[in-house]
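# Structure at a glance
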Amino acid sequence: MLVAPSILSADFGQLKRDLEELKDAEADLLHIDIMDGHFVPNISLGIPVMQAINNYSDLPKDVHLMINKPESFIKEFIGLGADYVTIHPEATSQLEHCIDLIRSNGAKPGIALNPETELDVVLPYLHRIDLLLFMTINPGFGGQKFIDSVVDKMIKANSYREKHGLNNLLFEVDGGINEETAKVCSENNIDILVSGSTIFNSKNKKSTIRNLRNV
Ligand code: DX5
Ligand code: ZN
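What you see is a predicted model, and the numbers here were worked out from it, not measured in a lab. (Residues numbered from 1 in each chain as written. Chains lettered and ligands numbered in written order. Predicted model: local features only at pLDDT ≥ 70, side-chain atom pairs only at ≥ 80, totals over all residues. Heavy atoms only, no water.)

## Topic: unusual backbone geometry
- Positioned with a positive phi, E26 is a non-glycine residue whose angle comes to about 65°.
- Tracing the sequence through the fold places E26 in the loop between α1 (15-24) and β2 (30-35).
- A relative accessible area of 44% places E26 in the partly exposed class.
- Positive phi values are uncommon outside glycine, yet K69 reaches one of about 50°.
- Looking at the element boundaries, K69 is found in the loop between β3 (61-66) and α3 (74-79).
- Relative accessible area serves as the criterion here: at 55%, K69 is assigned to the exposed category. (Helix = DSSP H or I, 4+ residues; strand = E, 2+ residues; numbered from the N terminus. Buried < 20%, exposed > 50% of the residue type's maximum accessible area, 1.4 Å probe, protein only.)

Rendered as C-alpha cells:
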C-alpha cells in the first residue's frame, strides 16, 4: 500500500520542517484536507497554506475537498499543485462536471464517500475516476475511531472493480488508520492509506510509515 500522511495533523507553526520530515520519512504522497465549515463542522486550511505546501514539498499532492460546491475551487487547487482532487458527491449537484473539470485541468479525479453514503451513488462514475476514497470516520476532524461497518462497502467495491476490470481505479481509506486498521485495509485490497494522528503522534515517522505500508 501507499501511505499518504494527512497534513491536518501537522504543526502549522513548523510546516516546512514537517514537510521535509515527511519527505525524509518516504511518504508516498501528501493528503491535504480542505474544509469550509459548512460541508463539515470544521475549517482547516485554505489557498495560502496550499500554496506554501506546494512551495516547500515536491511530493505528489492528494487534495481532499470537504467543501460545498467544490466546482468553484477545483481549478485553483490544481493550479497550486494538486495531483489528485477528491470531491464528495454529498457536496455537489454537479458531480459529472466536477470530474470533467479535474481531468481537463490536468489532475486525477477522485470521489470520497462518507461512512453513511452507499456505493450505488457513485457506481455510474467509477470508470471515469482514478480514486475512490472510503471515509472510515465522519469527516471534519482527525483522531477519531475507524468505523468498521465501512468494510462492507470496500468488499462490494472490490467485487465491482474486479467484475468491470477497473484496473486503474485506486482505493483509498481515510480515518482512524493505525497498524490494526491498516491490516483490515490491506486484507481488503486498499491501495492508499491516509493517516494523520498515527503518523504525527509517533516518534519516528519513517518507521511508522513503513509499518503501515507493510502491515
Ligand atoms: C478528516 C480528514 C482526515 C484526517 C484523518 O476529515 O479527512 O484526512 O486527517 O486523521 P486520522 O488519521 O487522525 O484519523
Ligand atoms: Zn482527508
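## Thoughts on the pattern of salt bridges
- Applying the stated rule across the entire model yields 12 salt bridges.
- For K16, the salt bridge goes to E20, with nearest N and O atoms at 3.5 Å. Note that K16 and E20 are positioned in helix α1 at a spacing of 4 residues, about one turn of the helix.
- Of the charged contacts in the structure, one is a salt bridge between D191 and R161, with a shortest N-O distance of 2.9 Å. Here the residue D191 occupies a position in the loop between α6 (179-187) and β8 (192-195), and R161 occupies one in helix α5 (residues 150-163), the gap between them amounting to 30 residues. (Salt bridge = Lys/Arg side-chain N within 4 Å of Asp/Glu carboxyl O.)

## Some details on the packing of aromatic side chains
- A full pass over the atoms with the stated rule returns 1 aromatic pair.
- Where F134 meets F171, the ring centres are 5.4 Å apart and the plane angle is 85°; that geometry is what we call edge-to-face. Of the two residues, F134 is situated in strand β6 (residues 131-135) and F171 in strand β7 (residues 170-174); the sequence distance between them amounts to 37 residues.
- For F171, a relative accessible area of 0% gives the class buried.
- Here the basic side chain of R161 rests over the ring of F171, its NZ or CZ set 3.7 Å away from the ring centre. (Phe/Tyr/Trp six-rings, centres within 6.5 Å; stacked < 30°, edge-to-face > 60°. Lys NZ or Arg CZ within 6 Å of the ring centre and 35° of its normal.)

## Side note on the nonpolar core
- Core analysis: the biggest nonpolar cluster contains 58 residues, and I7 and L132 have the highest contact counts within it.
- Sorting elements by how many residues they give to this core places helix α4 (residues 95-104) first, with 5 residues.
- Core analysis: the next-biggest nonpolar cluster, separate from the first, contains 6 residues, A4, L29, Y84 and I192 among them. (Core = buried A, V, L, I, M, F, W, Y, C linked by side-chain atoms within 4.5 Å.)

## Comments concerning the layout of surface pockets
- Of the pockets and cavities examined, the largest pocket occupies roughly 380 Å³.
- The wall of the largest pocket is formed by 30 residues, among which G143, Q144, G175, G176 and I177 lie closest to the centre.
- Only β2, α6, β8 and α7 (197-200) provide two or more residues apiece to the lining of the largest pocket.
- At 3 residues, the largest contribution of residues to the lining of the largest pocket is made by α6.
- Class assignment for the residues of the lining of the largest pocket results in 11 nonpolar, 14 polar and 5 charged.
- Approximately 170 Å³ is the volume attributed to the second largest pocket. (1 Å grid on protein atoms, 1.4 Å probe; cavity = no way out; pocket = protein on both sides within 12 Å on 5 of 7 lines; lining within 4 Å. Points joined across faces, edges and corners; volume = space filled by probe spheres on them. Nonpolar A, V, L, I, M, F, W, Y, C, P; charged D, E, K, R; others polar.)

Any functional reading would require information beyond the geometric quantities listed.
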